[in-house]
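Overview (structure and organization)
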Amino acid sequence: MMESGFIYFKKSPAFQNASSLEDFLDNGSQTYNSSLTYNHFAHNLVAFDFGFDNNVVADSVDLEKRASITIAAIEQDFHLILISEYFDESMILLKHALCWSMDDVVSFTLNRRTDVSRRSVLPSTAEKIKRWNALDWRLHQHFNATFWHEVEHLVGQEQLKMEVSQLKYLRAKLAKTCLKDGGAVDPSQIKEAGLQPYQPHESAIIEGYNLNPGLDWQTKKKCRRLITPELQYTYILYSKQFAKQPDKH
């Protein structure tokens, strides 16, 4: 997540002068200023997104206490925490928790960078990330453990493997129906402006999709919903939620 965030939020004050993620972790983090706008993207972002103080460092004497308080508060509000690294497994767990069908959790990946814009993280860099994001790392360790406990409780490992395979099969089948060329493409190859994902920085090339031509209206509607980028989808939901009411006479 930190590697992705460094590229995606490169224009933030925390990252903009760093030549690489390693450079930020070795040097930029020492001059990090939490009061600057958008700098929260650079430090314990998961804790921030949950609404907690993210300005916690590895050397804080109360780190473990604050981590425990944060975990307890999250668990009080959220009864199920999913893990993005295990997205398909998370969808199966969600399906069982909410008594959904497999069709309810089939999706295409959105907001993903192209392969050429990704960078591998060295083990030494990973350790620096864990130290810099010490609070987030503790949240991840805890909720990764509870995630697999929920899997055992609600699904079971063998059933999970079977359903993940089924989910991948259904996704591939749906891709053949919905997607021109069967998968994601570079943003320069996207034909329809409304399906063009936001490109935050020249180093973060976000891929998208083209619809198969000749789809019937109902299928086209379903497929379009699955490949509409997040900003456009947010606008659609906003328009539905805050639709202008007709004037009363």
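No experiment lies behind these values; they were computed from the predicted model shown.

Take His43: it is sitting in the loop between helix H2 (21-26) and helix H3 (45-49). Among the polar contacts made by the side chain of His43, one reaches the side chain of Asn44 at a distance of 3.3 Å. Polar contacts involving the side chain of His43 include one to the main-chain carbonyl oxygen of Val56, which spans 3.3 Å. For His43, the residues in contact, after removing those within four places along its chain, are Tyr32, Asn54, Asn55, Val56, Val57, Trp132 and Asn133.

On to empty space enclosed by the protein, then. For the coordinates displayed, the defined rule picks out one cavity of 30 Å³ or more. Put simply, the largest cavity is a space of about 100 Å³. Lining of the largest cavity is provided by 14 residues; of these, Asn111, Pro197, Tyr198, Pro229 and Glu230 occupy positions nearest its centre. Of all the elements, helix H10 (residues 230-241) adds the most residues to the lining of the largest cavity, at three residues. Among the residues forming the lining of the largest cavity, the class breakdown is nine nonpolar, three polar and two charged.

Attention now moves to the state of the cysteines. In protein structure, a disulfide is the covalent linkage between the sulfur atoms of two cysteines. What the rule picks out here adds up to one disulfide. Cys178 shares a disulfide with Cys223; S-S distance 2.0 Å. The disulfide joining Cys178 to Cys223 has a torsion of about -65° about its S-S bond and is therefore left-handed. With Cys178 in helix H8 (residues 157-178) and Cys223 in helix H9 (residues 217-227), the pair connects residues that are 45 residues apart, well separated along the chain. Neither Cys178 nor Cys223 differs from the other in exposure class; each is buried.

All right, on to the environment of Val105 then. Considering the arrangement of structural elements, one finds Val105 in the loop between helix H5 (87-98) and helix H6 (123-132). Along the chain, Val105 and Glu202 lie 97 residues apart, while their C-alpha atoms are 32 Å from each other. In this view, Val105 contacts Met91, Lys95, Trp100 and Leu167; residues no more than four positions away in its chain are not counted.

Thresholds applied
Residues numbered from 1 in each chain as written. Predicted model: local features only at pLDDT ≥ 70, side-chain atom pairs only at ≥ 80, totals over all residues. Heavy atoms only, no water. Helix = DSSP H or I, 4+ residues; strand = E, 2+ residues; numbered from the N terminus. Polar contact = N/O pair within 3.5 Å; in protein donor to acceptor, adjacent residues only side chain to side chain. Contact = heavy atoms within 4.5 Å. 1 Å grid on protein atoms, 1.4 Å probe; cavity = no way out; pocket = protein on both sides within 12 Å on 5 of 7 lines; lining within 4 Å. Points joined across faces, edges and corners; volume = space filled by probe spheres on them. Nonpolar A, V, L, I, M, F, W, Y, C, P; charged D, E, K, R; others polar. Disulfide = S-S within 2.5 Å. Buried < 20%, exposed > 50% of the residue type's maximum accessible area, 1.4 Å probe, protein only.

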